[in-house]
Amino acid sequence: MTRPRPLPVDPIAEAHRQWTGHGWGEVADGMAAVTSLVRAQQIVMARVDEALKPTGLTFSRYELLQLLSFSRTGALPMAKASARLQVHPTSVTNTVDRLEAAGLVVRVPHPSDRRATLIEITDAGRELVAEATAALNAQVFAEPGLPPDKIRELLTLLASFRHEAGDFEEPGEPNLAFHATWRPASESPADALGS
């Protein structure tokens, strides 16, 4: 990926200076933190989009395919997929519509609940998500932009932020950065995904 030319000054630092100069100094750090998170997300998503471009997947479609590929049967109820991806059910429906049109998933009746529909990954979906994962691992996840010790620090900070925002319940583990790996000893990895 080609990197854009850096700006001669940090616009967020300049905004911080302006906030302080206009008498909003008590919230300048908060403004800079929020703005930095938004900008960091833009940078990361540009890298993700470039890695996924050859597959034709968006990140939301990739996430759903990967979630299905991780499940024990390759299928999940629409509502459970929505909850696991932390997106509105309408967004999942739209994503499924596009993936189904591309032959990457199919809708199937739930075997025990007539009101529910399962989303099931197809063989083509498994192949494409494996290709996309290889690209993301090589082009984005292997070198996310910070050294490993800083990544761990960032994970801890972001997990703490998300926890305080009510994104997840604390599982009792001291290291919130790896809360996603926590599960009761009696629960298998597939069960943790809700398959």
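In the block above lies the structure referred to throughout.
Keep in mind the model is a prediction, meaning the values are calculated, not measured.

1. Description of the pairing of strand 3 (residues 117–121)
As judged from the three bridges shared by strand 1 (residues 75–77) and strand 3, these two strands associate in the antiparallel manner. Residue pairing in the sheet places A75 in a bridge with E120 of strand 3. With five bridges connecting them, strand 2 (residues 105–109) and strand 3 associate as antiparallel partners. Across the sheet, V106 pairs through a bridge with E120, a residue of strand 3.

2. Concerning the nonpolar core
In terms of nonpolar packing, the biggest core is built from 25 residues, with L57, L64, L65 and I119 touching the most fellow members. Elements with a minimum of two residues in this core: helix 2 (25–52), helix 3 (59–70), helix 4 (78–85), helix 5 (89–101), strand 3 and helix 6 (123–141). Leaving out residues up to four positions away in the same chain, I119 has contacts with L64, L68, G74, A75, L76, M78, A81, V92, V96, V105 and V106.

3. A closer look at the side chain of T122
Relative to the elements of secondary structure, T122 occurs in the loop between strand 3 and helix 6. Relative accessible area serves as the criterion here: at 18%, T122 is assigned to the buried category. Contact partners of T122, with chain neighbours within four places excluded, come to G103, L104, V105 and V106.

4. Some points on the pattern of salt bridges
Per the counting criterion, the structure on display carries six salt bridges. Residue R107 is joined to D97 by a salt bridge in which the shortest nitrogen-to-oxygen separation is 2.6 Å. In this pair, R107 sits in strand 2 while D97 sits in helix 5, placing the two residues 10 residues apart along the sequence. Taking the relative accessible area as the measure of exposure, R107 reaches 29% and is therefore partly exposed. With relative accessibility at 35%, the residue D97 sits in the partly exposed group. The structure contains a network of salt bridges with shared partners spanning D97, E100 and R107.

5. Comments concerning the environment of Q66
Looking at the element boundaries, Q66 is found in helix 3. Take Q66: its relative accessible area is 11%, and that puts it in the buried class. Expressed as a C-alpha distance, the spacing of Q66 and A130, which sit 64 residues apart in the sequence, is 8.3 Å. Residues within four places of Q66 in sequence aside, it is in contact with V129 and T133.

6. Quick look at a nonpolar patch on the surface
On the surface, L37, L146, L154, L158 and F161 cluster together into a nonpolar patch covering about 420 Å² of accessible area. Locating L146 in the fold gives a position in the loop between helix 6 and helix 7 (148–164). Judged by its relative accessible area of 41%, L146 falls in the partly exposed class.

7. Details of helix 5
For helix 5, spanning 13 residues, the distance from its first C-alpha to its last is 18 Å, which sits close to the expected 18 Å at 1.5 Å a residue. Where helix 5 is concerned, the buried positions are V92, T95, V96 and L99. For helix 5, the angular spread of buried residues about the axis comes to 100°, placing them on one side. In helix 5, the exposed residues that point more than 90 degrees away from the buried face are R98 and A101. The elements touched by buried residues of helix 5 are helix 3, helix 4, strand 2 and strand 3. Directly beyond the C-terminal end of helix 5, a positive phi value near 75° is found at G103.

Rules and cut-offs
- Residues numbered from 1 in each chain as written.
- Predicted model: local features only at pLDDT ≥ 70, side-chain atom pairs only at ≥ 80, totals over all residues.
- Heavy atoms only, no water.
- Pairing = 2+ DSSP bridges.
- Helix = DSSP H or I, 4+ residues; strand = E, 2+ residues; numbered from the N terminus.
- Core = buried A, V, L, I, M, F, W, Y, C linked by side-chain atoms within 4.5 Å.
- Buried < 20%, exposed > 50% of the residue type's maximum accessible area, 1.4 Å probe, protein only.
- Contact = heavy atoms within 4.5 Å.
- Salt bridge = Lys/Arg side-chain N within 4 Å of Asp/Glu carboxyl O.
- Patch = residues over 30% accessible without salt bridge, like charges linked within 9 Å, V, L, I, M, F, W, Y side chains within 5 Å.
- Areas by Shrake-Rupley, 256 points an atom, 1.4 Å probe, with all protein chains shown as cover.
- Expected span 1.5 Å × (residues − 1).
- Arc of directions from axis to C-beta.

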